[in-house]
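Inside the fold
These are the residues of each chain, in order.
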Amino acid sequence: MTAPSHKPLVFSGMQPTNTLHLGNYLGALKNWVRLQQTMDALYCVVDMHALTQDSGYGHAKDIAQATREVTAAYIASGVDPARAVLFNQSQVHEHAELAWVFNCVARLGWLDRMTQFKEKSGKHKERASVGLYTYPVLMAADILAYKATHVPVGEDQKQHLELARDIAQKFNSDFDAPDFFPLPEPVITGTATRVMSLRDGTKKMSKSDESDYSRINLTDDADAIAQKIRKARTDPAPLPDSEKGFEGRPEAENLVNIFAALADESRNATIARFAGQQFSSFKNELAELAVAKLTPIAAEMRRLLSDPAEIDGLLRRGAEKAHALSAPVLADVKRVVGFVS
Ligand code: TYM
């Protein structure tokens, strides 16, 4: 439980690697937009995390461009820089400083259990960067540098959030500072907390999948969206009339979840609407809905990206605010661990 002494505060972030896709939008961004209405929030473009990926490391121009694109995607999806603090991670040095302290708090055994590291490092763990290994420690620092209490993410980040809670708890107890850090809670809500690949309903929709047909990018135009949905893998049976009918049909379940999330309706409402119909007609409606919801985001992104200096200025102003919030926390951390200042 988060102790009531901690003010409710939302923090989340995305890596600027490739373009964002429907999973990022439905799993995370939609919740960010909702939460900023009622709570103080910080939304970060985690460019330091992106260095752990091949598409980030050694591609300076790409990382800058991807940072602007992700910022534009946040705003085009409804994140309001006048309400939420919007910034890129590398401009606020408190994240890296706190990550070092947390590297000394986290245990190797904890990191060894992280499934995402295992997936990303593949068969050759010894060739993976140390940064990829400590990725979730930096993530804990992102959140706790602000003593954030709520973290809206997709389901795949659950384990990383548990690690952040473990780090917070161990810091509080090791440094005899009860309740210094809150135990941040994941906010994983909606019908699309885990959007699956359009080519394989057992695999997560991901930026790194080599097939572009596996995902809908936020920058796809109407034709691309419609074509990807038309080609999405399904099975020959008609749509089911109840939740039970999804057993052994991950592709059907995924498309229904996507429809429900885009339409802002419950899964049961979508099931009732299409029960017994063929996929061909359902796919037409899904394509129409996806085009209606997503193409305005792409258009707004294009408009914003036509003025990169404006985006850079916005990130700089956000970073100043983020620094003002995290500097006192870091000063307290240094006092608590015993550094002379
Ligand atoms: P990233 O960039 O990999 O993912 C960004 C967000 O999108 C969600 N997501 C999905 N949700 C549903 N279905 C999918 N197929 C799907 N794919 C991605 C992710 O769960 C995530 O919410 N490690 C974080 C970035 C991060 C962060 C943080 C998040 C760094 N520091 C602090 C929260 C708080 C990540 O997964 O980024």
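What this report covers is the structure whose coordinates are included nearby. (Residues numbered from 1 in each chain as written. Predicted model: local features only at pLDDT ≥ 70, side-chain atom pairs only at ≥ 80, totals over all residues. Heavy atoms only, no water.)

With phi around 70°, D179 is a residue other than glycine that occupies positive phi space. Mapped onto the elements of the fold, D179 is located in the loop between α8 (158–174) and β5 (185–187). Its relative accessible area of 34% is what places D179 among the partly exposed residues. If you check the backbone angles, D264 has positive phi at about 55° while not being a glycine. (Helix = DSSP H or I, 4+ residues; strand = E, 2+ residues; numbered from the N terminus. Buried < 20%, exposed > 50% of the residue type's maximum accessible area, 1.4 Å probe, protein only.)

Right, let's get into the pattern of salt bridges. Applying the stated criterion to the full structure yields 18 salt bridges. Here K7 ties to D40 by a salt bridge, and the two come within 3.2 Å at their closest N and O atoms. Linking K7 in the segment before β1 (10–14) with D40 in the loop between α1 (22–38) and β2 (41–45), this pair joins segments that are 33 residues apart in sequence. Assessed through its relative accessible area of 43%, D40 is described here as partly exposed. Salt-bridge contacts for K30 lead to D264; the nearest nitrogen and oxygen are separated by 2.6 Å. Remark: D264 occurs in the loop between α10 (250–263) and α11 (267–274) and K30 occurs in helix α1; sequence separation between them is 234 residues. The exposed category is assigned to D264, whose relative accessible area is 57%. A cluster of three or more residues bridged by salt bridges with shared partners is formed by D212, R215, D220 and K228. (Salt bridge = Lys/Arg side-chain N within 4 Å of Asp/Glu carboxyl O.)

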